[in-house]
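# Structural overview
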Amino acid sequence: MSTRVTKKLVTPFEVCGATGAILLVNLYDPQIATLELFLEAVHRAGLPFLMVGNKLDLVDRAVVQSIYRELGQDFPVMSLLTGENVPNVVAEIERRFPEGARVVVLGIFNSGKTSLIARLTGKDLRIGDIPGTTLEFEEHEWKGRVLIDTVGQVIDVNRPFMVGYDFTGCNTPGEMLERALRLEAEGILSSLVTAKTGFLRALELIKERLDQGGKIVTTGAGASALVAEEIAGQCYETGVPCLCITNNMAQALPVSFAKGTGEEEGGLARFIVQQVSEKDVLIGVSASGGTGFVYEAVRLAREKGALTVAITENLDSPLGKYAHVVIKSNAKPEGPSSTRVQTAHLAIGHALVCILAALRGVSAEDSIRCMLPEKIATKKMGIK
Ligand SMILES: Nc1nc2c(ncn2[C@@H]2O[C@H](COP(=O)(O)OP(=O)(O)O)[C@@H](O)[C@H]2O)c(=O)[nH]1
Ligand SMILES: [Mg+2]
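Residues numbered from 1 in each chain as written. Chains lettered and ligands numbered in written order. Predicted model: local features only at pLDDT ≥ 70, side-chain atom pairs only at ≥ 80, totals over all residues. Heavy atoms only, no water.

## Description of a nonpolar patch on the surface
Under the convention used in this document: Within this analysis, patches are made of residues with over 30% relative accessible area and no salt bridge. Like charges are joined at 9 Å or less; nonpolar side chains (Val, Leu, Ile, Met, Phe, Trp, Tyr) at 5 Å or less. Per-residue accessibility takes into account occlusion by the displayed protein chains alone, with areas from the Shrake-Rupley method and a 1.4 Å probe. Definition used for salt bridges: Asp or Glu carboxyl oxygen within 4 Å of a side-chain nitrogen of Lys or Arg. Strands here mean DSSP runs of E at least two residues long; helices mean DSSP runs of H or I at least four residues long; both are numbered from the N terminus.
The grouping of Ile368, Met371 and Leu372 at the surface amounts to a nonpolar patch, some 300 Å² of accessible area in total. Position of methionine 371 relative to the elements: it lies in helix 14 (residues 364-371).

Shown next, in the form of C-alpha cells:
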C-alpha cells in the first residue's frame, strides 16, 4: 500500500516543486491512518517538514497526548480559531523553512490548511467546512517563501485506478480477491474503536424513542443511500417501523414536482423532515459527512425535536456537527475510495438493527413472521 500512496503524494510534490511541507493534524478528528500515509510520503520525498496540530479549542490535553502516542511523536498544537499558540507556530514555520522555500501545506480536509495560509498571508481565502472547499494547488507568497495550498485528498490522477483497492504486488485475480476482501474486513475492524461510544449511545437513545412509539427514518445519497435502504430493510424484518427516503427514488416523491431532487436540494431535506416527527429518529448516512440534503435534513430534524444519528467517516463535517450522536467509521486510510467505508457502514447498520432487535426481545419467530411471503386474494381481471 505504501508504494502506491507514496506515488500518489510524491507526484503532486514534484508537480508543485515543494522544498518543504507542513502537515496539519486535525486534533478533533485526526484520521491517523491517513496521516501516517502523508508522513510516509513526506519522509520518502525527503522533504523537511513540520507537523502542527490544529483545532486545540475542540479537544482536551488528554486527547492531544493520545494522538502523540498514536503517531509516535510530539508536535506543536494551536487553535487558528482562538489564536492559542499561533505566534509560536508561526515563528517555528519561519525558522524551519528559509526564504526561498516552497512549502506545501498538507493535511486531511478541514484541518485548517487554507485557514493557516490566510492567517499567515493576511489574505481573505475561501474557507469552509464542506469537504472539497479547496480543489486546486494554490500558491501564496509569504515573507519571501511560497505557501502551497492543497486538497485534503491528494490523488495521482495519472494512475488508471484511483479509487477502490491497491492491487500492488497482486499477480492474479485470486490474489486481488484476497486483497480486496482483506481490505474490506480491515475497514470494518478498524472502525470498532471510533464507532463504539457513539454506537452505544445511539443504541440507547434509539431504543428509548422506539419504546415511546417513534419510528426510524434513514437517508443517504449514492452508495450511502444503499446503506440507508439496507438499514431500513433490516428494521422492517425485525418489526421496527422504518422509512427510507433518499434522492435515488426522489423523482417519484411529491417533492420532485416543486423543489428538485439533487444532492444539493434543500427541498428534499425539508421533504424528509416532513416525514419525521419529534418522536422519531433520523439516521443520516454520508461517508464524507458533506452530502447537502442529508446534513440539512439532520439539522432540521434536530431542530424539530427528533433524535438525529449520523453514520459517517468524518466527524469534523457538517453531518458530524448537526447530529446528536455520531457513529464514526474509521475504514479509509486515504483517498476517495469508498468501498471500505460503505462496507463498514453496512456492518455498523446491521449491528445496530440486530442489537436493537436483541434488546427489544425480538425472537427468530417474530422476525420470520415479518419476512413471510403472503399472497392476498385479489379481484379477477375485468370484474369491476
Ligand atoms: N474550531 C476550530 N475551527 C477551525 C480552526 N481552524 C479552522 N477551523 C475551521 O475549520 C474549517 C476548515 O478550515 P479550512 O481552512 O477550510 O480547512 P482545509 O480544508 O484544511 O483548508 C473551517 O470551517 C474553519 O473555520 C480551529 O482552530 N478551531
Ligand atoms: Mg482548504
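## Thoughts on the domain arrangement of the chain
It is common to give the size of an interface as the accessible area lost on bringing the parts into contact. Heads up, the condition is: An automatic or database domain assignment supplies the start and end points of every domain. We call two residues in contact when some of their heavy atoms are within 4.5 Å. Here the buried area means the combined drop in accessible surface, using a 1.4 Å probe, for two parts upon being joined, counting both sides. What qualifies as a polar contact is a pair of N or O atoms within 3.5 Å, subject to a donor-acceptor requirement within protein and to the restriction that residues adjacent in sequence count only when both atoms come from side chains. Side-chain classes are defined by residue name, with Ala, Val, Leu, Ile, Met, Phe, Trp, Tyr, Cys and Pro counting as nonpolar, Asp, Glu, Lys and Arg as charged, and the others, Gly among them, as polar.
When its domains are assigned, the chain resolves into domain 1 (2-149) and domain 2 (181-371). Each of domain 1 and domain 2 was reduced to a C-alpha centroid, and the two centroids are 32 Å apart. Every contact between the two is made by 16 residues of domain 1 and, on the other side, 15 residues of domain 2. Roughly 1,200 Å² of surface becomes buried between domain 1 and domain 2 when both sides are summed, with 47% attributable to carbon and sulfur atoms. For the interface between domain 1 and domain 2, the tally reads two salt bridges. When the shortest N-O distance is used, the salt bridge between aspartate 29 and lysine 328 registers 3.1 Å. Across the contact surface, domain 1 and domain 2 share seven residue pairs in polar contact (both at pLDDT 80 or more). For the side of domain 1 that touches domain 2, the secondary-structure elements that each account for two or more residues are helix 1 (2-16) and helix 2 (32-45). A per-class count over the side of domain 1 that touches domain 2 returns seven nonpolar, four polar and five charged.

## Here's the deal with helix 4 (residues 86-96)
Short version of the rule: Three labels apply to residues, based on accessible area from a 1.4 Å probe with only protein chains included: buried if under 20% of the type maximum, exposed if over 50%, partly exposed otherwise in between. The arc under discussion is defined with respect to the helix axis, by the directions toward the C-beta atoms.
By the burial criterion, the buried members of helix 4 are Val86, Val89, Val90, Glu92 and Ile93. The arc that holds the buried residues of helix 4, viewed along the axis, is 160°, so those residues lie on one side. Among the exposed residues of helix 4, those pointing more than 90 degrees away from its buried face are Pro87, Asn88 and Arg95. Residues of helix 4 that are buried sit in contact with strand 1 (20-26), strand 2 (49-54), helix 5 (113-121) and strand 4 (138-142).

## Observations regarding the packing of aromatic side chains
This is how the line gets drawn: A pair of Phe, Tyr and Trp rings is counted when the ring centres sit within 6.5 Å of each other, with Trp represented by its six-membered ring. The angle between the planes then sorts it: under 30 degrees is stacked, over 60 is edge-to-face, the rest tilted.
Inspection of every chain in the model, using the stated rule, returns two aromatic pairs. Ring geometry for tyrosine 68 versus phenylalanine 75: centroids 5.0 Å apart, planes at 80°, classification edge-to-face. On the basis of an interplanar angle of 35° and a centroid distance of 5.9 Å, the ring pair of tyrosine 295 and tyrosine 322 is categorised as tilted. In this pair, tyrosine 295 is assigned in helix 11 (residues 292-304) and tyrosine 322 in helix 12 (residues 318-322), connecting sequence segments 27 residues apart.

## Focus: the packing of helix 8 (residues 223-237) against helix 13 (residues 339-359)
What counts here: Fitted lines through C-alpha atoms serve as axes, helices being fitted only where they are in contact, and the angles separating the N-to-C directions of these axes extend from 0 to 180 degrees. When an angle is under 35 degrees it counts as roughly parallel; over 145 it counts as roughly antiparallel; between 65 and 115 it counts as roughly perpendicular; any other value is oblique. Crossing chirality is assigned from the near helix's rotation relative to the far helix, an anticlockwise turn below a right angle marking it left-handed and a clockwise turn marking it right-handed.
Interaxial distance between helix 8 and helix 13 falls to 9 Å at its minimum, and their mutual angle equals 15°. Classified by the angle their axes make, helix 8 and helix 13 are roughly parallel. Judged by the sense of rotation from one axis to the other, the crossing of helix 8 with helix 13 is right-handed. Packed against helix 8, whose contacting residues are Ala223, Ser224, Val227, Glu230, Ile231, Gln234 and Cys235, the element helix 13 presents Gln342, His345, Leu346, Gly349, His350, Val353 and Cys354 at the interface. The class makeup of the residues in the contact of helix 8 with helix 13 is seven nonpolar, six polar and one charged.

## Some remarks on unusual backbone geometry
Residues other than glycine seldom take positive phi values, yet glutamine 31 does so here, at roughly 50°. Inspection of the secondary structure assignment puts glutamine 31 in the loop between strand 1 and helix 2. With phi around 65°, asparagine 85 is a residue other than glycine that occupies positive phi space. Assignment of secondary structure puts asparagine 85 in the loop between helix 3 (61-71) and helix 4. With relative accessibility at 27%, the residue asparagine 85 sits in the partly exposed group.

## Remarks on the pattern of salt bridges
As enumerated under the stated definition, the model contains 15 salt bridges in all. Measuring nitrogen to oxygen at the nearest pair gives 3.5 Å for the salt bridge that ties glutamate 40 to arginine 44. Remark: arginine 44 and glutamate 40 occur in helix 2; sequence separation between them is four residues, near one turn of the helix.

## Observations concerning the sheet that holds strand 10 (residues 325-328)
Worth spelling out the cut-off: Strand pairing follows a simple DSSP-based rule, namely that at least 2 bridges must link the two strands.
The five strands are arranged 7-6-8-9-10 in an open sheet whose pairing can be described as parallel. A strand with exactly one partner marks an edge of an open sheet, and here the two such strands are strand 7 (242-244) and strand 10. Averaged over all neighbouring strand pairs, the angle between strand axes comes to 20°, with direction disregarded. Helix 7 (residues 191-211) contacts strand 6 (216-220), strand 8 (281-285), strand 9 (307-312) and strand 10 of the sheet and is inclined by roughly 140° relative to strand 10.

## Some thoughts on the pairing of strand 1
Along strand 1, seven of the seven residues are buried, which leaves the element largely enclosed by surrounding structure. Here strand 1 shows no split at all, with Gly20, Ile22, Leu24 and Asn26 on one side and Ala21, Leu23 and Val25 on the other all buried. Both strand 1 and strand 3 (residues 102-106) contribute to a ladder of four bridges, which runs parallel. Its bridge partner lying in strand 3, leucine 23 is registered against leucine 106. For strand 1 and strand 2, the ladder comprises six bridges, and the chain directions are parallel. The partner of leucine 23 across the bridge, within strand 2, is methionine 51.

## Digging into the sheet that holds strand 5 (residues 145-149)
Ordered in space as 2-1-3-5-4, the five strands form an open sheet in which the pairing is mixed. The sheet terminates laterally at strand 2 and strand 4, the two strands that pair on one side only. Here the average twist between neighbouring strands, direction ignored, is 25°. As paired elements, strand 4 and strand 5 share five bridges and run antiparallel to each other. Along strand 5, the bridge assignment pairs glutamate 138 with aspartate 149. Of the strands in this sheet, strand 1, strand 2, strand 4 and strand 5 are in contact with helix 4, which crosses strand 2 at around 170°.

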